[in-house]
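# Understanding the architecture of this molecule
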Amino acid sequence: MANTPWAEVCEKFQAALALSRVELHKNPEKEPYKSKYSARALLEEVKALLGPAPEDEDERPEADDGLGAGDHALGLPTEVVEPEGPIAQQAVRLAVIEFHLGVNHIDTEELSAGEEHLVKCLRLLRRYRLSHDCVSLYIQAQNNLGILWSEREEIETAQAYLESSEALYNQYMKEIGSPPLDPTEHFLPEEEKLTEQERSKRFEKVYTHNLYYLAQVYQHMEMFEKAAHYCHSTLKRQLEHNAYHPIEWAINAATLSQFYINKLCFMEARHCLSAANVIFGQTGKVSTTEDRQHRRA
């Protein structure tokens, strides 16, 4: 990267993000993933410019775990390690690229390649995962692996990744609490970094998605009480942060009401149905700009 200005590297990364957000229907009919492939090419260019991963990353015992089992063991990490120095900074930047490459491959239905990149992301960040700079990215990578394994119907593996994300969020909020860096900020100049308010908004959105997917996993495992609890928490948080699609939110609330009816909790069921009716009435009046990339956040 010595011969390439950092500003040019950042520009390539931002261009890749912009291409990643292009909706599929805006691509040629015969090339629905054209923008995704273009984004991937730019991400690979950035990865090459950053150089090889730090040597010590592959020397850890956990690096040989095919499913990254060491990466999502509950209760870890136990201490904060900040990514200080050029080697740590390079590892984190490479992890950001590996994450976006992983999401890119998943979006183009190349799940094995997507998994490989996401696991690399976790390995690069493992020692820094509770830090202010890395916690959001680590949780997002685990969330995406949880979704991937859920789609493969390997529910217990999905559960492990998602529960690990939840535990990491709770530990970070308890021990540190300040809004962490958003992954995109690793490729932004200092003057363009996000405000604390925007960082908090994005981090809370990541956690809301985590709870949403946990609710689905528990439902699939027939842990209905737990699924209902997580569904309720998700719906509540979506309203609090004004981050929801009215139709989807109303359907989920109405579905939750059926659980309460079956449990003879009629007041709770009525509340869910009333809320569903109110939110459904917002259809067409509320902006629904959440893109697919954030769905996988």
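Calculation notes
Residues numbered from 1 in each chain as written. Predicted model: local features only at pLDDT ≥ 70, side-chain atom pairs only at ≥ 80, totals over all residues. Heavy atoms only, no water. UniProt positions renumbered as here; feature names shortened; annotations may be inferred. Phe/Tyr/Trp six-rings, centres within 6.5 Å; stacked < 30°, edge-to-face > 60°. Buried < 20%, exposed > 50% of the residue type's maximum accessible area, 1.4 Å probe, protein only. Salt bridge = Lys/Arg side-chain N within 4 Å of Asp/Glu carboxyl O. Helix = DSSP H or I, 4+ residues; strand = E, 2+ residues; numbered from the N terminus. Core = buried A, V, L, I, M, F, W, Y, C linked by side-chain atoms within 4.5 Å. Contact = heavy atoms within 4.5 Å. Patch = residues over 30% accessible without salt bridge, like charges linked within 9 Å, V, L, I, M, F, W, Y side chains within 5 Å. Areas by Shrake-Rupley, 256 points an atom, 1.4 Å probe, with all protein chains shown as cover. Expected span 1.5 Å × (residues − 1). Arc of directions from axis to C-beta.

With an unreviewed UniProt entry as reference, the protein chain is termed KIF-binding protein, source organism Microcebus murinus. Recorded under Subcellular location (unreviewed entry), the UniProt text for the protein chain is reproduced unchanged: "Cytoplasm, Cytoskeleton". According to UniProt, the comment filed for the protein chain under the heading Sequence similarities (unreviewed entry) is "Belongs to the KIF-binding protein family."

### Concerning the packing of aromatic side chains
Geometry of an aromatic ring pair is reported as the spacing of the ring centres plus the angle between the planes. Applying the stated criterion across every chain yields a total of eight aromatic pairs. Relative to Tyr-37, the ring of Tyr-33 has its centre 6.2 Å away and its plane inclined at 75 degrees; by these criteria the two rings are edge-to-face. Measuring from ring centre to ring centre gives 5.2 Å for Tyr-212 and Tyr-213, while their planes differ by 75 degrees; the resulting arrangement is edge-to-face. Residue classification places Tyr-212 among the partly exposed residues on the basis of a relative accessible area of 22%. Through successive ring pairs, a cluster of aromatic residues spans Tyr-169, Tyr-172, Phe-203 and Tyr-207.

### Remarks on the pattern of salt bridges
Two side chains of opposite charge can pair, provided their charged atoms sit close to one another. Enumeration according to the criterion identifies twelve salt bridges in this entry. Residue Arg-199 is joined to Glu-196 by a salt bridge in which the shortest nitrogen-to-oxygen separation is 3.3 Å. Here the residue Arg-199 and the residue Glu-196 both occupy positions in helix 7 (residues 196-220), the gap between them amounting to three residues, near one helical turn. A relative accessible area of 12% means that Arg-199 is categorised as buried. Among the ionic contacts, a cluster of salt bridges with common partners joins Asp-182, Glu-198 and Arg-202.

### Here's the deal with the nonpolar core
Counting 73 residues, the largest nonpolar core has Phe-13, Ile-97, Leu-125 and Phe-187 as its most contacted members. The dominant element in this core, judged by the number of residues it contributes, is helix 3 (residues 86-107), at eleven residues. Setting aside anything within four residues of it in sequence, one finds Phe-13 in contact with Leu-43, Val-46, Val-96, Ile-97, His-100, Thr-184 and Phe-187.

### Let's talk about a nonpolar patch on the surface
Where nonpolar side chains cluster on the molecular surface, the patch consists of Ile-261, Leu-264, Phe-266 and Leu-273 and spans about 390 Å² of accessible area. Mapped onto the secondary structure, Leu-273 falls in helix 10 (residues 266-280).

### A closer look at helix 1 (residues 6-20)
Between its first and last C-alpha atoms helix 1 spans 21 Å; for 15 residues at 1.5 Å apiece the expected length is 21 Å, and the two agree. Burial in helix 1 covers these residues: Val-9, Cys-10, Phe-13, Ala-16, Leu-17 and Ser-20. Seen end-on, helix 1 carries its buried residues on one side only, within an arc spanning 120 degrees. Away from the buried face of helix 1 by more than 90 degrees, exposed residues Ala-7 and Glu-11 are located.

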